[in-house]
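Chain and residue survey
Here are the chains, one letter per residue:
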Amino acid sequence: MGENGGMLALVRLRRGVVGESRRVCHLIPVPGAGAVPSRLTALCGESIFPGEAEVLDGLRGMPCHACLMESAPPGPGLLADAG
Ligand SMILES: [Zn+2]
């Protein structure tokens, strides 16, 4: 769940679009029904083109660290602010 209660989708770039090392699972806020943007933006800021990505029904492989950090609820003890 996003911080605003919106749905998040797990999306991974397709094989061949990027190198294997970059095929991590990004978290993407699900756009509103009826509006399919030509480009999605993952929580980490990565631009995802729908045709280049596959939606996952669960976490597969390596999650995007930056996306996980963005989706993690703020709170003490979870992360130190490293600046
Ligand atoms: Zn990401």
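Residues numbered from 1 in each chain as written. Predicted model: local features only at pLDDT ≥ 70, side-chain atom pairs only at ≥ 80, totals over all residues.

Side note on the overall build of the protein chain
Helix and strand counts for the protein chain come out as one helix and five strands. Taken from the N to the C terminus, the helices and strands of the protein chain come in the order β-β-β-β-β-α. Taking contacts inside the protein chain between residues at least 6 apart in sequence as the whole, the part at least 24 apart equals 51%. (Helix = DSSP H or I, 4+ residues; strand = E, 2+ residues; numbered from the N terminus. Contact = placed C-beta atoms within 7 Å.)

A look at the confidence of the model for the protein chain
Put simply, the protein chain has an average pLDDT of 82, and 82% of its residues get 70 or more. The least confident element of the protein chain, judged by mean pLDDT, is helix α1 (residues 65-71) at 91; the most confident is strand β2 (residues 25-29) at 93. (pLDDT = per-residue confidence, 0-100.)

Observations concerning the sheet that holds strand β5 (residues 53-56)
In space, the three strands of this open sheet follow the order β2-β1-β5, with antiparallel pairing throughout. Because the sheet does not close on itself, it has two edges, and the strands there are β2 and β5. Across the sheet, the axes of successive neighbouring strands diverge by a mean angle of 40 degrees, strand direction being ignored. Looking at chain direction, strand β1 (residues 8-13) and β5 are connected through four bridges and run antiparallel. (Pairing = 2+ DSSP bridges. Axes fitted to C-alpha atoms, helices over the stretch in contact; angles between N-to-C directions.)

Side note on the pairing of β1
In this sheet, β2 lies alongside β1 in antiparallel orientation, the contact comprising five bridges. Each residue of the ladder has a partner; that of Val-11, found in β2, is His-26.

Comments concerning the environment of His-26
As for its placement among the helices and strands, His-26 is situated in strand β2. On the basis of neighbour count, His-26 is assigned to the buried category, with 26 C-beta atoms found within 10 Å. Between the C-alpha atom of His-26 and that of Cys-67, which follows or precedes it by 41 residues, the distance is 6.0 Å. Excluding residues that lie within four positions of it along the chain, His-26 makes contacts with Val-11, Ala-42, Cys-44, Glu-46, Ile-48, Cys-64 and Cys-67. (Buried ≥ 20, exposed ≤ 12 C-beta atoms within 10 Å, placed from the backbone.)

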